[in-house]
Amino acid sequence: QVQLVESGGGSVHPGGSLRLSCATSGFSFSTYRMSWYRQAPEKERELVASISTVSGSTSYADSVKGRFTISRDNAKKAVYLQMNSLKSVDTAVYFCNAGGLKGLWGQGTQVTVSS
């Protein structure tokens, strides 16, 4: 049974930090490019960050470059998103993804940045 389970969301003040985790099972994690997407209310889902399988090369949306860091642990079959210097515009539901838009998805975790 394929599972992607996000955790670590919550409410923080602007400038704060959160670390999202995505625990996975049921598929060959190390062979999938892993990504974090987010969807704010009344907006389309957008790609936040991705990390490749072997080399671990990363890519980020311009809006989060320098503030967010994606990482993965193939032994633990997990992917992480460290989010620093959070802004109100980062408020969204964050989704863990394996293999792109037509791939595998978690249920999402809410991140709220508000003063």
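Everything below is about the structure printed above this text.
All values derive from a computational prediction rather than experimental measurement.

Caption draft 1: The arrangement of the packing of aromatic side chains in detail. Applying the stated rule across the entire model yields four aromatic pairs. The interplanar angle of 80° and the centroid separation of 6.4 Å between the aromatic rings of Phe95 and Trp105 together place this pair among those described as edge-to-face. Of this pair, Phe95 sits in strand β9 (residues 92-98) while Trp105 sits in strand β10 (residues 104-105), and the two are 10 residues apart along the sequence. On the basis of relative accessibility, which here comes to 9%, the residue Phe95 falls in the buried class. The class of Trp105 is partly exposed, set by a relative accessible area of 26%. Each residue in the set Phe27, Phe29 and Tyr32 is aromatic and connected to the rest through ring pairs, giving one cluster. In this structure, Arg19 packs its charged tip against the face of Tyr80, placed 4.2 Å from the ring centre.

Caption draft 2: Layout of the pattern of salt bridges. Under the criterion given, the structure shown has four salt bridges. Note that Lys65 is salt-bridged to Asp62, the shortest N-O span being 3.2 Å. Of the charged contacts, one joins Arg67 and Asp90 as a salt bridge, the two residues approaching to 2.7 Å between their closest N and O atoms. With Arg67 in the loop between β6 (58-60) and β7 (68-73) and Asp90 in the loop between β8 (78-83) and β9, this pair connects stretches of sequence that are 23 residues apart. Take Arg67 and Asp90: they sit in the same class, and that class is buried. Look at the salt bridges and you will find they share partners, linking Arg38, Glu46, Arg67 and Asp90 into a network.

Caption draft 3: Structural context of the sheet that holds strand β1 (residues 3-7). Strand order in the open sheet made by the four strands is β1-β3-β8-β7, with antiparallel pairing throughout. Both outer strands of the open sheet, β1 and β7, are each paired with one neighbouring strand and no more. Neighbour-to-neighbour, the strand axes of the sheet open up by a mean angle of 15°, direction not taken into account. Of the strand pairs in this sheet, β7 and β8 are connected by six bridges, and their pairing is antiparallel. By the bridge assignment, Arg72 is partnered in β8 with Val79.

Caption draft 4: Focus on the state of the cysteines. Applying the stated rule across the entire model yields one disulfide. Across the disulfide from Cys22 sits Cys96; the S-S distance is 2.1 Å. Its torsion about the S-S bond being -85°, the disulfide of Cys22 and Cys96 is classed as left-handed. You can see Cys22 sitting in strand β3 (residues 18-25) and its partner Cys96 sitting in strand β9, a full 74 residues away along the chain. We note that Cys22, like Cys96, is buried.

Rules used in this analysis
- Residues numbered from 1 in each chain as written.
- Predicted model: local features only at pLDDT ≥ 70, side-chain atom pairs only at ≥ 80, totals over all residues.
- Heavy atoms only, no water.
- Phe/Tyr/Trp six-rings, centres within 6.5 Å; stacked < 30°, edge-to-face > 60°.
- Helix = DSSP H or I, 4+ residues; strand = E, 2+ residues; numbered from the N terminus.
- Buried < 20%, exposed > 50% of the residue type's maximum accessible area, 1.4 Å probe, protein only.
- Lys NZ or Arg CZ within 6 Å of the ring centre and 35° of its normal.
- Salt bridge = Lys/Arg side-chain N within 4 Å of Asp/Glu carboxyl O.
- Pairing = 2+ DSSP bridges.
- Axes fitted to C-alpha atoms, helices over the stretch in contact; angles between N-to-C directions.
- Disulfide = S-S within 2.5 Å.

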